[in-house]
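Structural overview for review
These are the residues of each chain, in order.
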Amino acid sequence: MLGLGKKQNGKKQAEEEHHEEDVDEQVDEEEIEEGEEEEEADVEDDEEAEDEEESEGRSRALLVGLCYTGMEGNELHGCFQDVHNMKNFLMDCCDYKEEEITVITDEERKPLYPEVMEAMAKLVEGNQPGDRFFFHYSGHGGTIPDEDGDEVDGFDETICLIGQNEEEDDKSYFIANLSDDWINANMVLPLKAGTHMTCVFDSCHSGSVMDLPYTYSTKGKVKKTSVVRSMSLGFLDAGRSMIGERGTARGGLKTIVDSASTALKKQDIEEKNRKTKGGAGTVVMFSGAKDSQYSTDANIEGQRQGALSWSWISSLEENPDRSYKDLLNSIREKLEGKYDQLPQLSTSHEIDLNDDFIL
C-alpha cells in the first residue's frame with residue numbers, strides 16, 4: 001500500500017512539478033519579456049538621448065593669428081592679441097568651452113602651412129546637422145592670378161600662411177598663399193545641411209576669401225553686377241574720351257560695348273558660383289575689407305590689434321542682440337573715418353539680413 005500510494009503520490013508529484021515548471025516557465029518568459037521590454041526601453045531612451053545630443057550639435061572653433069615674427073618686411077603686431085581677445089569673447093559670451101577652441105599662432109613657434117591647412121579641414125570634419133563652427137583668421141592676405149575662371153576680378157584671394165625652405169644651407173621662412181578655392185572646397189562644400197559656421201577674416205583683400213556667392217550692402221541687399229549700371233559708366237567714360245583731343249565717336253562706342261560685355265561675363269560667373277560654391281550648410285563670413293583694399297593692424301585702446309577683430313567683438317559686446325545688418329553697420333561705423341577699409345558680409349546662401357545674428 002505504501003508503495004502504491006508512493007507511486008500515486010509520485011504521479012501526482014510529477015504532475016504538480018510539471019505544472020510548477022509550466023508556471024515557472026511562464027513566469028520566466030514573462031520576466032524575459034519584461035526584461036526585453038526594459039532593455040528596448042533603455043535602448044530607445046539611449047537613442048533618444050543620442051538624437052537629442054546630435055540635434056543640439058557640437059561646437060568647434062579654430063583661431064589662427066600670424067604675426068610673421070622675424071620675417072623681415074612681413075611682421076605684424078596685433079594678430080596674437082586678436083585671437084586671444086576672440087577666445088575670451090567666445091568663452092565669456094558665446095558658451096564655448098576652452099576644450100572646444102583650438103588656437104594656432106606663431107607667438108612661440110612657427111606653425112607651417114600644412115599644419116594650419118590640416119586644422120582648417122579638420123574643423124568641419126565629420127560634421128552633422130546641429131553642429132556649429134567658428135573660424136577666425138588674423139594675418140596677411142593677398143591675391144594671385146585666377147586660373148579657373150571663377151573670379152569676377154580675375155584674381156583669387158588668399159590668406160598668407162608660413163612655409164620654410166628645406167635646403168641644408170637655407171632654412172628661412174617664406175609666405176605661402178592659400179587660395180579661396182582651397183578654403184571653399186575644404187571648409188564650405190563639406191558642410192551638411194543643418195550646420196552653421198561663422199567666420200571672421202581680419203586680413204587684406206579678404207572680401208571674397210571664402211568664395212561665398214552672396215555679398216551684401218549695408219542696406220541688406222545682395223550685391224549683383226548690373227549691365228545697365230556698367231553701360232552707364234561706359235557712357236561716362238566714352239564722353240570723357242570724346243571730349244579729349246584724340247577722342248572719337250567710334251572709340252566712345254567701343255567703350256560702351258566693352259563695359260556691357262564685361263558686365264555680362266561677370267553675371268555669368270556670379271550665377272555659376274551661386275550654383276557651385278554655396279554647399280549645403282550655412283556659412284556667414286565677416287571680412288576686413290573689399291578684395292581691392294587693405295585691412296589695418298592698428299593701435300586701438302592701448303593694444304595692437306586688427307581693426308576688424310576689435311570692431312566685431314566690441315559691437316557684439318555692446319549689444320549681442322543685433323541683426324546681421326545692424327552688426328555690419330556697427331562694424332562699419334566704428335571704423336569710418338579712421339581706417340581706409342570697408343568690412344564685408346558674405347554668405348553661402350541668401351539670407352535676410354534683418355534676421356537676428358546667431359553664432
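Scope of this entry: the structure provided in the associated data block. From a predicted model like this one, the values you see are computed outputs, not experimental measurements.

1. Quick word on the sheet that holds strand 2 (residues 101-105)
Each strand in a sheet pairs with another by means of backbone hydrogen bonds, the pair being arranged parallel or else antiparallel. Here seven strands make up an open sheet; going across it, the order is 2-1-3-7-9-12-8 and the pairing mixed. Of all strands in the sheet, those bounded by a partner on one side alone are strand 2 and strand 8 (214-215). Here four bridges tie strand 9 (residues 282-287) to strand 12 (residues 344-347), and the two strands are oriented antiparallel to one another. Paired with Val-284 across the bridge in strand 12 is Thr-347.

2. A closer look at the pairing of strand 1 (residues 59-65)
Strand 1 sits mainly inside the fold: six of its seven residues count as buried. Here strand 1 pairs with strand 3 (residues 132-138) via seven bridges, running parallel. Residue pairing for strand 3: Val-64 is matched across the bridge by Tyr-137. Sheet topology note: the strand 1/strand 2 ladder contains five bridges and is parallel. Considered in strand 2, the bridge of Gly-65 is made with Thr-105. Crossover connection from strand 1 via helix 2 (residues 79-93) to parallel strand 2: handedness right-handed.

3. Digging into the sheet that holds strand 6 (residues 173-179)
Pairing is antiparallel in the open sheet, where three strands are placed in the order 4-5-6. Across the chains shown, the open sheet's two edge strands, defined by having one partner strand only, are strand 4 (141-145) and strand 6. In this sheet, neighbouring strand axes are inclined to one another by 50 degrees on average, regardless of whether the strands run parallel or antiparallel. One ladder, built from seven bridges, connects strand 5 (residues 155-164) with strand 6; its direction is antiparallel. Its bridge partner lying in strand 6, Gln-164 is registered against Tyr-173. Here helix 3 (residues 113-123) sits on the sheet and contacts strand 5 and strand 6; the angle it forms with strand 5, its principal contact strand, is near 125 degrees.

4. A closer look at the pattern of salt bridges
One pass over the structure, following the stated rule, counts 11 salt bridges. Between Glu-271 and Arg-274 there is a salt bridge; the shortest N-O distance is 3.6 Å. Placement of both Glu-271 and Arg-274 in helix 6 (residues 249-276) is noted, with a separation of three residues, approximately one turn of the helix. We classify Glu-271 as partly exposed; its relative accessible area is 38%. What makes Arg-274 buried here is its relative accessible area of 19%. For the salt bridge of Asp-326 with Arg-322, the shortest nitrogen-to-oxygen distance reads 2.9 Å. Assessed through its relative accessible area of 32%, Asp-326 is described here as partly exposed. Sharing partners across several salt bridges, the network here consists of Asp-150, Asp-181, Asp-211 and Lys-277.

5. Overview of the nonpolar core
Grouped together as the largest cluster of nonpolar side chains are 35 residues, with contacts concentrated most on Phe-135, Tyr-137, Met-197, Phe-201 and Met-210. Of all the secondary structure elements, the ones that give two or more residues to this core are strand 1, helix 2, helix 3, strand 3, strand 5, helix 4 (180-188), strand 7 (196-202) and strand 9. In this structure Phe-135 touches Leu-62, Val-64, Met-120, Leu-123, Met-187, Thr-198, Cys-199, Val-200 and Phe-201, once residues within four positions along its chain are discounted. Residues Phe-89, Tyr-214, Tyr-216 and Trp-312 belong to the second largest nonpolar core, which totals 27 residues.

Basis of the calculations
- Residues numbered from 1 in each chain as written.
- Predicted model: local features only at pLDDT ≥ 70, side-chain atom pairs only at ≥ 80, totals over all residues.
- Heavy atoms only, no water.
- Pairing = 2+ DSSP bridges.
- Helix = DSSP H or I, 4+ residues; strand = E, 2+ residues; numbered from the N terminus.
- Buried < 20%, exposed > 50% of the residue type's maximum accessible area, 1.4 Å probe, protein only.
- Right-handed = clockwise from strand over helix to strand, strands pointing away.
- Axes fitted to C-alpha atoms, helices over the stretch in contact; angles between N-to-C directions.
- Contact = heavy atoms within 4.5 Å.
- Salt bridge = Lys/Arg side-chain N within 4 Å of Asp/Glu carboxyl O.
- Core = buried A, V, L, I, M, F, W, Y, C linked by side-chain atoms within 4.5 Å.

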